[in-house]
Amino acid sequence: MELHNIDDVEGFISTNRLAVLFISSPGCSVCQALLPRIEDMLQKHPEIELGYADASEVSEVTGKFLAFGAPTILVFAEGKEQIREGRFIRMEDFKNKLERLISMTKY
């Protein structure tokens, strides 16, 4: 889901029990390579929603979430930040952290 303003971002986080916010910037080759891999990984987890914000379009997102490098991936559980990854992300480590969070949030 593309998020086009800070209200969209805040609404996305508050309305989804588990939410992944992917923050990128234009021309970021790491972002372009990583986003499809994150999308593929999250297909196995329908309980998690993925939101995408371009920092050049939603400039407030960098200050609000202290996301000064691209990409920045933030994972929220019930509106609270639980996982933060930035720039060079090891997919296996991210996957393990995410699965641990999922197991802890199941009721």
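Just so we're clear, the structure is a prediction, and the values are computed from it rather than from any experiment.

Draft legend 1. Representation of a negative patch on the surface within the structure. Taken together, E2, D7, D8, E57 and E60 make up a surface patch of like negative charges. Its location among the elements puts D8 in helix α1 (residues 6-15).

Draft legend 2. Geometry of the sheet that holds strand β4 (residues 72-77). Strand order in the open sheet formed by five strands is β1-β3-β2-β4-β5, with mixed pairing between adjacent strands. Strands at the two margins of the open sheet, each flanked by one partner only, are β1 (2-3) and β5 (80-86). When β1 meets strand β3 (residues 48-54), the two strands line up parallel, connected through two bridges. Bridge pairing links E2 to Y52 in β3.

About the cut-offs
Residues numbered from 1 in each chain as written. Predicted model: local features only at pLDDT ≥ 70, side-chain atom pairs only at ≥ 80, totals over all residues. Heavy atoms only, no water. Patch = residues over 30% accessible without salt bridge, like charges linked within 9 Å, V, L, I, M, F, W, Y side chains within 5 Å. Areas by Shrake-Rupley, 256 points an atom, 1.4 Å probe, with all protein chains shown as cover. Salt bridge = Lys/Arg side-chain N within 4 Å of Asp/Glu carboxyl O. Lys, Arg positive; Asp, Glu negative; His and termini not counted. Charge placed at Lys NZ, Arg CZ, Asp CG, Glu CD. Helix = DSSP H or I, 4+ residues; strand = E, 2+ residues; numbered from the N terminus. Pairing = 2+ DSSP bridges.

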